[in-house]
Amino acid sequence: MNFSGKNVLITGASRSIGAEIAKNLAGFGLKVWINYRSNPEIADKLKKEIEDEGGKAALIKFDVRDEEAFLDAFKVIQESDEKLSYLVNNAGITNDKLALRMKTEEFINVIEANLKSAFIGCREALKIMSKQRFGSVVNIASIVGERGNPGQSNYAASKGGMIAMSKSFAYEGAPRNVRFNCITPGFIQTDMTDVLKDEVKESYVKNIPLGRLGEAKEVANAVAFLLSDNSSYITGEVLKVNGGLYM
Ligand code: NAP
């Protein structure tokens, strides 16, 4: 994959899937803008790790729910690099509860963190990328956005919305050579899934045809493909990375 001279902004990239995406893309020669929200030490460690391997990385702190801060981040990148080649909307949260017990506020909070933020990212990226007639955006959705899940009506709505939104952006970006795609990971081993009880994880694994949980690196590989020119005729697509759990 040829990424020379390109850069990428990855949200929520200091740990878990986001960090693997950053390391993988830096390994392909991209300059990676690592967005983090809360832990400068972990973000700094990741930056150093990438630089020690000969990669290029920059840190950019903001909360994706904060529109002004997100817009400022785009400005900082444009002022420093004069372009943005790629964006990965990866930051996301869960706040699980059966719908009957879920407060409206708990529904809205997840939508704000996962969907509103991705909208801001896609819109700003489209503005920049349209002008340069080049760009690719990958949104990290979820298998839950495709098929729903008990206890996750808020998360499912945010990720299902992300899939539909990406397809709409794909139509709007296509005339200017800007592509928008989604990845829908299944059950990936990260901090997000570590909180689940072992018996819950085991019950999931029983239903996964490939017989194991996924690794963050396996999501990162799919991201690299969808950003790269190897997928130049793919837009509005939803790429499942779920071990066959949902086909
Ligand atoms: P994770 O381990 O919980 O990490 C989430 C990352 O997002 C963290 O770096 C976190 O930063 C960041 N983040 C959360 N809210 C943010 C905000 N408001 N502003 C900026 N950053 C924020 O999650 P993960 O498993 O790596 O998941 C990454 C993405 O994949 C998410 O969108 C998730 O929905 C999706 N996904 C994951 C799985 C899975 O099985 N793990 C499956 C399907 C989809 P802090 O360190 O500041 O908290």
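Each remark here, short or long, concerns the structure printed above.
Note that this is a predicted model, so its numbers are computed, not measured. (Residues numbered from 1 in each chain as written. Predicted model: local features only at pLDDT ≥ 70, side-chain atom pairs only at ≥ 80, totals over all residues. Heavy atoms only, no water.)

Asker: Residues and numbers for the side chain of T11, please.
Answerer: Tracing the chain through its elements places T11 in the loop between β1 (7-10) and α1 (16-27). Within polar-contact distance, the side chain of T11 engages the backbone nitrogen of N90 at 2.8 Å. Within the local environment of T11, its side chain forms a polar contact with the backbone nitrogen of A91, the two atoms lying 2.9 Å apart. In this structure T11 touches N35, F62, V64, F70, V88, N89, N90 and A91, once residues within four positions along its chain are discounted. (Helix = DSSP H or I, 4+ residues; strand = E, 2+ residues; numbered from the N terminus. Polar contact = N/O pair within 3.5 Å; in protein donor to acceptor, adjacent residues only side chain to side chain. Contact = heavy atoms within 4.5 Å.)

Asker: Lay out the environment of S158 with the relevant residues and their values.
Answerer: Counting through the fold element by element, S158 comes out in helix α6 (residues 153-173). Separated by 139 residues in the primary sequence, S158 and A19 place their C-alpha atoms 22 Å from one another. With sequence-adjacent residues up to four places away left out, S158 is seen in contact with V110, I111, N114 and L115. Side-chain polar atoms of S158 contact the side chain of N114, separated by 3.2 Å.

Asker: If you had to explain the site of the ligand to someone new, which residues and values would you point to?
Answerer: Inspection of the region around the ligand gives 29 residues, with S16, S38, N90, Y155 and T190 positioned closest. A distance of 3.0 Å is found between an oxygen atom of the ligand and a backbone nitrogen or oxygen belonging to I17. Separating an oxygen atom of the ligand from a side-chain N or O atom of Y155 is a distance of 2.5 Å. Relative to its free-state accessible area of 900 Å², the ligand is covered by the protein chains to the extent of 95%. Those elements that provide at least two residues to the shell around the ligand are α1, α6 and α7 (191-194). Sort the elements by how many residues they give to the shell around the ligand and α7 lands first, with three residues. (Near = heavy atom within 4 Å. Areas by Shrake-Rupley, 256 points an atom, 1.4 Å probe, with all protein chains shown as cover.)

Asker: Which residues make up the pairing of strand β2 (residues 31-36), and what are the values?
Answerer: For β2, the buried fraction is high: six of the six residues fall into the buried class. With burial as the criterion, each face of β2 is covered, one bearing K31, W33 and N35 and the other bearing V32, I34 and Y36. Across four bridges, the pairing between β1 and β2 is parallel. By the bridge assignment for β2, N7 is matched with K31. Handedness of the crossover joining β1 and β2 through α1 is recorded here as right-handed. The pairing of β2 with strand β3 (residues 56-61) spans six bridges and is classified as parallel. Residue pairing in the sheet places Y36 in a bridge with K61 of β3. On the question of chirality, the crossover connecting β2 to the parallel β3 by way of helix α2 (residues 40-52) is right-handed. (Buried < 20%, exposed > 50% of the residue type's maximum accessible area, 1.4 Å probe, protein only. Pairing = 2+ DSSP bridges. Right-handed = clockwise from strand over helix to strand, strands pointing away.)

So, to be careful, I would describe these as geometric facts and stop short of saying anything about function.
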